[in-house]
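# Structure assessment
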Amino acid sequence: MSDEKLALTPVEGIKARSNYLRGTLLQSLADGATGALAEDDTHVSKFHGFYQQDDRDYREERRRQMLEPDHQFMIRARVPGGICTPVQWLALDAIAQKWANGTIRLTTRQAFQLHGVIKRNLQPVISAINDSLLDTIAACGDVNRNVMCTPLPESSPIHRQVCVDAQAVSRHLTPHTTAYHEIWLGKKRVAGTADTALAEDHEPIYGATYLPRKFKMSFAIPPRNDVDVYAHDLNFIAIVEDNLLSGYNVAVGGGMGATHGDPATYPRLADVIGFCTPDQVLSVSEAIITIQRDHGDRTERKHARLKYTLDDHGLDWLHTQFEARAGFRLAPQRPFSFTHNGDRLGWQQTSDGLWHLGLFIQNGRVADLAGATQLSGLREIARILQGEFRLTPNQNVVISGIADRDRAAIDALVEQHGLDSWNRLSPLRLHSMACVGFPTCGLSMAESERYLPELVGQLESLMAAHGLAEQAITIRMTGCPNGCARPYLAEIGLVGKGPGLYNLHLGAAFNGTRLNTLYRESVHEGDILSVLDGLFAMFATTRNDGETFGDFLHRTGVVTAGTEQGKIGQ
Amino acid sequence: MFNALRADNSPFTQPQIDSLQQSLGNLDESQSAWLSGFIAGRLAGPPSRSLGHSLGHSLAGAAQLPLPVAAANPNSAPAEGERLQVFFASQTGNGEGIAQSLAADAERAGLVVELKSLAVLRPASLKKLEYAAFVISTHGEGDPPDDALELFEYLQGPRAAQLGQLRFCVLALGDRSYGKFCEAGRKLEHLLLARGASVFAPRVECDIDYEQPATGWSASVLSFAVANLAPGSGQVLPKLALAPLAAHLSVVPQAARWSRARPFSAAVERVQKITGLDSDKDVFHLELSLEGSGITYEPGDALGVWAPNAHELVDEVLRALDIAADAAVVLDDHRHTIHEVLIRKRELTRLSQETVQGYAELAQNRELGNHFAQLDDEQRRDFIEQRQFVDLVTDFPLAAGIRVSASELASVLRPLAPRSYSIASSQASVDEQVHLTVATLYAPGSSKKRTGVASSFLNQHLAAGDEVHVFLEPNHRFRLPEDRTTPLILISAGTGIAPYRGFLQQLQAEGSSPATWLIFGNPHLRTDFLYQREWLELRKSGLLDHIDCAFSRDQNEKRYVQHVLREQGARLNQWLEQGARLYICGGLGMGREVELALRDVLCSERGLDTGQAAECVAELRRQGRLLKDLY
């Protein structure tokens with residue numbers, strides 16, 4: 001936090017005036033002359049779980065037609081730990097068909113996104129999502145967002161415990177404002193109270209202006225780092241000793257977002273700062289989040305994440321603050337190690353004898369396409385599934401808790417609807433991930449979801465030519481530098497700069513413990529392909545046994561400046 | 001006064017002007033007035049007393065004429081009541097225009113004339129009138145225009161006075177493509193006759209190409225008036241008649257050149273579709289250049305557009321009737337090819353009963369003849385609305401062995417009429433441009449195959465750089481109030497929003513900021529809120545206070561502008577109490593529904609019964625606070 005008396009950002013004023021997130025949302029919804037919200041409400045709406053967007057493919061055409069942009073909304077439903085019942089899946093599916101664009105988007109943070117919802121359908125959609133016992137509150141906004149958790153553990157009792165902790169944190173940090181229920185669920189405030197909401201609403205953890213910026217949490221169960229535990233503000237790494245959960249290493253200050261051309265902004269890996277027991281998780285969360293609430297920079301949103309607070313004040317300061325708030329000291333961190341940050345797809349059995357099937361969903365877009373009716377397939381599966389769905393941190397889905405006798409039926413549906421691609425596609429494609437980008441994301445500078453599959457196809461050909469067809473390499477693309485698909489943690493990262501132009505980042509660790517390095521700036525597809533063709537050739541001939549692409553690039557000095565996460569116990 | 005005559009502002013050649021100036025240059029004012037009356041009388045020909053006889057398309061000709069005795073003596077004062085009253089009532093400006101030129105001619109002929117809208121005629125004063133000429137249009141299903149509603153109600157009611165003193169005549173404006181042609185004019189004559197009034201000149205009924213018959217009717221009115229009424233006083237003449245004429249010639253000579261008969265060729269500067277991608281409607285915004293025309297317009301005025309029929313359509317008709325495109329037709333003493341005639345001179349996209357019947361006879365298509373004969377009025381209207389001429393000739397072909405000549409074809413088709421569009425701009429903002437908002441008209445049931453002549457020409461065949469023939473149609477009945485602080489309630493559906501764009505441009509350019517409230521209806525918000533960006537900008541800037549929209553197809557229950565009025569009854573009433581003016585622009589059906597809603601609101605908000613509310617609405621109309629531009 002800056003010592004100078006700088007002006008607060010306009011968003012701080014909007015939050016302060018919003019009367020615990022009411023803003024003028026009701027008036028905005030009632031304004032029949034526009035498909036948009038009032039300007040200020042576009043910030044308030046995020047706390048309720050939706051973003052105002054427009055179809056950018058038609059922006060110019062509609063400008064000429066003297067029509068406003070084709071406003072529509074992205075609604076995010078929180079799914080703590082990514083666990084979703086078949087009934088909830090069917091409810092989301094029905095909502096997507098009725099009110100959204102007919103597809104479901106699985107996010108990189110284990111949530112659902114619906115796109116293309118128009119203003120007059122916001123209320124029915126949010127109300128229906130709540131009816132399904134999911135919600136949208138705090139899915140976006142300057143609050144703690146959806147809490148992530150490794151979805152598919154080797155040992156299910158441990159997973160259950162970790163999930164319980166993740167869900168408890170999620171509940172503990174959910175905003176208390178009644179505005180959400182009032183606006184979307186038609187619930188009146190408690191009778192007998194004064195009509196000023198201020199007298200009634202109270203945010204014990206956040207306060208009236210919430211956090212300076214978004215706040216992200218994850219729970220990882222080593223050796224899987226599928227949640228990318230270093231990429232979020234506050235993270236818990238499960239420490240399993242003698243098959244028991246003894247507690248968590250705590251990692252703070254991770255974050256992906258950066259701005260092109262602004263060196264004061266950067267992706268940063270979280271620091272592991274100690275160890276806590278399971279019963280300390282809520283206290284640790286509350287202490288860290290209130291430190292960020294009180295000391296995060298509210299004068300510059302590009303400098304407001306916990307990672308900057310930490311770099312501005314230092315780790316010693318953090319420990320002092322932490323003790324003062326939590327009333328205890330963190331224990332020294334315990335050893336652990338990660339092997340990979342991708343998903344394990346296909347069939348797996350857990351110690352309880354149940355089966356789990358990880359399915360690849362390209363870029364998380366569940367849709368019915370010619371030859372692959374994945375949306376219909378998952379609907380059919382939801383109708384017969386006795387277990388549950390688990391959304392993965394890499395935009396895939398696990399059909400979880402299948403009894404031996406039900407495997408054949410699931411397999412049949414999987415095959416029938418083209419959901420068996422995990423079995424057929426290249427490791428490169430199975431390790432690819434893209435944000436939504438064009439045409440709906442307002443921040444996008446280049447294509448992402450619509451383009452990565454095609455680029456991967458070209459890279460597959462190059463890799464096959466070098467005998468690398470079976471090599472797993474993580475590749476992630478985003479349309480802008482804000483990092484939704486965590487591109488800085490991919491061995492090949494592509495960050496949109498302009499139409500058809502990307503920054504090429506190389507050399508992150510396959511297990512998510514090292515950031516990649518900017519290798520080429522503002523390059524076209526042709527350059528991307530020729531650069532990678534050369535590196536694939538080198539890799540194919542001179543790699544060590546079992547060496548990953550990112551490690552190889554570092555060993556051979558192709559990239560050097562990557563931020564190694566030195567404090568990670570090995 | 002003849003010095004103002006020039007070859008470029010008059011129908012005369014330079015040698016004619018020279019000789020006119022030589023012969024007439026030294027006449028004094030009374031001599032000029034006498035001559036004026038003489039010429040008017042001569043043009044008018046002998047008045048005919050036979051009722052129901054139409055003058056048809058040609059003037060009565062220069063037959064023997066009664067000398068304008070009265071006009072020859074301009075210094076005698078007019079007797080009480082010896083004045084010509086000219087009344088008009090029409091939804092567009094056409095009726096007013098005809099009435100105005102009649103009044104001007106009569107003044108020039110030395111008569112005392114009063115020109116009034118029927119909206120301001122108190123029916124009880126009818127019993128004092130002696131000579132009255134009525135110009136009245138017909139709308140919808142044979143309905144009189146709003147301004148005549150009160151008069152009709154009075155004449156049909158039990159309290160109507162006997163009108164034995166009144167001599168009158170009627171010019172009925174109509175459109176043969178509607179069922180009850182010129183019904184309002186016929187009915188007015190019938191009602192007046194029933195009260196004992198008598199006719200001094202035959203009623204003339206005009207189709208959409210009204211100029212010739214209207215001129216003929218005016219001439220016969222003038223001829224009668226000049227022969228029977230006392231002339232105006234010497235003082236009145238130069239002030240009222242001569243001075244304005246001279247001023248007219250010298251001040252705006254350029255603009256005066258352009259008329260329906262002599263349209264200006266305007267360059268197209270922009271043609272832009274303004275309904276969104278998935279819209280069921282094809283609405284276009286057009287920007288035309290009036291540069292060099294001298295035409296000036298005011299927001300609320302309309303622009304007449306001459307649009308040719310599409311070549312494909314003409315070819316299709318000629319093919320179906322097996323007529324060669326170059327077959328000759330003599331029209332107005334000129335030789336044309338039938339192709340040219342169908343392109344520029346005949347209606348192909350709007351049928352009329354006469355055309356259907358005429359074609360049935362020519363084609364000797366019994367099926368068509370019998371079928372049409374059996375239909376009632378409403379069925380005939382539907383039949384006509386759902387077809388164009390090309391459908392007729394395709395669905396009901398020529399009987400075996402029958403051939404139709406090019407001339408016969410030209411004779412069963414009505415003359416092509418221009419289409420008129422409310423202007424969507426203000427010159428205070430767009431200078432020498434004029435903007436139009438045009439929805440492509442699709443014939444019902446023809447799956448977008450058959451289009452309206454002008455809308456398809458403007459929207460589908462024009463591009464920047466092309467030219468289009470236009471002329472101004474002033475509409476004094478749909479203008480911004482003189483007092484720019486009067487609150488404005490602007491109600492519209494579809495392209496009816498056009499004049500309000502002009503209003504707001506004008507107010508913005510002037511820096512006026514009355515309270516304004518836009519109420520707009522169309523099918524979908526996403527694609528059909530015409531000029532949405534501009535309205536939202538205006539609201540943001542504070543010039544537009546409220547926008548209330550009714551997008552009919554955006555929810556299960558259809559929602560229209562009248563629903564908005566009922567929902568916002570309290571505000572509507574409050575605005576009216578604050579002196580607001582209420583404008584309605586759009587389709588006739590919408591106009592009716594809006595008036596019903598207005599009445600309902602007055603009932604509920606002011607505790608009135610239906611009759612009192614109706615009187616309230618009538619009073620608003622009389623005060624010029626309820627203005628309509630419906631089509």
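Structure first, text after, so check above.
A few points on the structure. (Residues numbered from 1 in each chain as written. Chains lettered and ligands numbered in written order. Predicted model: local features only at pLDDT ≥ 70, side-chain atom pairs only at ≥ 80, totals over all residues.)

## Quick word on the overall build of chain B
Across its full length, chain B carries 24 helices and 19 strands. Out of the 631 residues in chain B, the part that is buried amounts to 46%. Considering only residue pairs separated by 6 or more positions, chain B has 79% of its internal contacts joining residues 24 or more positions apart. (Helix = DSSP H or I, 4+ residues; strand = E, 2+ residues; numbered from the N terminus. Buried ≥ 20, exposed ≤ 12 C-beta atoms within 10 Å, placed from the backbone. Contact = placed C-beta atoms within 7 Å.)

## A closer look at the overall build of chain A
Of regular secondary structure, chain A possesses 18 helices and 22 strands. Relative to a compact globule of 570 residues, whose C-alpha radius of gyration would be 25 Å, chain A shows 23 Å and is just as compact. Expressed as lengths along the three principal axes of its C-alpha atoms, the size of chain A is roughly 75 × 55 × 55 Å. Out of the 570 residues in chain A, the part that is buried amounts to 53%. Considering only contacts in chain A between residues 6 or more positions apart, those separated by 24 or more positions represent 67%. (Rg over C-alpha atoms; globule rule 2.2 N^0.38 Å.)

## Looking at the sheet that holds strand 20 (residues 492-498) of chain A
Residue and element names in this part refer to chain A. Spatial strand order, 18-19-20-21-22: five strands in an open sheet with mixed pairing. Of all strands in the sheet, those bounded by a partner on one side alone are strand 18 (432-434) and strand 22 (517-523). Along the sheet, successive strands turn relative to each other by an average axial angle of 15 degrees, direction set aside. Running at roughly 145 degrees to strand 22, helix 17 (residues 525-542) makes contact with strand 21 (501-506) and strand 22 of the sheet. (Pairing = 2+ DSSP bridges. Axes fitted to C-alpha atoms, helices over the stretch in contact; angles between N-to-C directions.)

## Examining the pairing of strand 9 (residues 302-306) of chain B
Residue and element names in this part refer to chain B. With four of its five residues buried, strand 9 lies for the most part within the structure. With four bridges connecting them, strand 9 and strand 12 (residues 419-422) associate as antiparallel partners. When the sheet's bridge partners are listed, Leu303 is paired in strand 12 with Tyr421.

## Describing unusual backbone geometry
A:Pro223 follows A:Pro222 through a cis peptide bond whose omega is 10 degrees. Position of A:Pro223 relative to the elements: it lies in the loop between strand 7 (217-220) and strand 8 (234-241). The residue after A:Phe438, namely A:Pro439, is reached through a cis peptide bond having omega 0 degrees. Checked against the element boundaries, A:Pro439 lands in the loop between strand 18 and helix 16 (452-465). A positive phi is found at B:Tyr531, a non-glycine position, where the angle reads about 60 degrees. Its 24 C-beta neighbours within 10 Å are what place B:Tyr531 among the buried residues.

## Thoughts on the interface of chain B and chain A
On the side of chain A, 13 residues touch chain B, which itself brings 19 residues to the contact. Among the secondary structure elements, those contributing two or more residues to the side of chain B that touches chain A are strand 7 (264-273), helix 19 (525-528), helix 20 (532-541) and strand 17 (546-551) of chain B. Broken down by class, the residue content of the side of chain B that touches chain A amounts to nine nonpolar, four polar and six charged. (Nonpolar A, V, L, I, M, F, W, Y, C, P; charged D, E, K, R; others polar.)

## Structural notes on the pairing of strand 17 (residues 397-402) of chain A
Regular strands place their side chains on alternate faces of the sheet. All names here are of chain A. Counting buried positions along strand 17 gives five out of six residues, so the element sits mostly inside the fold. The sheet contact formed by strand 16 (residues 388-391) and strand 17 spans four bridges and is antiparallel. Counterpart to Leu391 in the pairing with strand 17 is Val397. Connecting strand 16 to the antiparallel partner strand 17 that follows it, the hairpin turn spans five residues, and Gln395 within it adopts a positive phi of roughly 70 degrees.

## Here's the deal with the nonpolar core
If you look at the biggest cluster of nonpolar residues, it comprises 152 residues, and the most contacted ones within it are A:Ala238 and A:Leu359. Counting residues per element, this core draws most heavily on helix 10 (residues 281-295) of chain A, which supplies six residues. Discounting chain neighbours no more than four positions away, the residues touching A:Leu359 are A:Leu345, A:Asn396, A:Val397, A:Ile399, A:Val414, A:Leu419 and A:Trp422. Membership of the second largest hydrophobic core comes to 83 residues, among which are B:Leu286, B:Val468, B:Phe520 and B:Ala613. (Core = buried A, V, L, I, M, F, W, Y, C linked by C-beta atoms within 7 Å.)

## Some remarks on the sheet that holds strand 10 (residues 271-276) of chain A
Residue and element names in this part refer to chain A. Strands sit in the order 6-7-8-9-10 across an open sheet of five strands; the sheet is mixed. Lying at the two open borders of the sheet, with one neighbouring strand each, are strand 6 (148-149) and strand 10. For strand 6 and strand 7, the ladder comprises two bridges, and the chain directions are parallel. By the bridge assignment, Cys149 is partnered in strand 7 with Phe219. Helix 7 (residues 156-172) contacts strand 6, strand 7, strand 8 and strand 9 (244-252) of the sheet and is inclined by roughly 170 degrees relative to strand 7.

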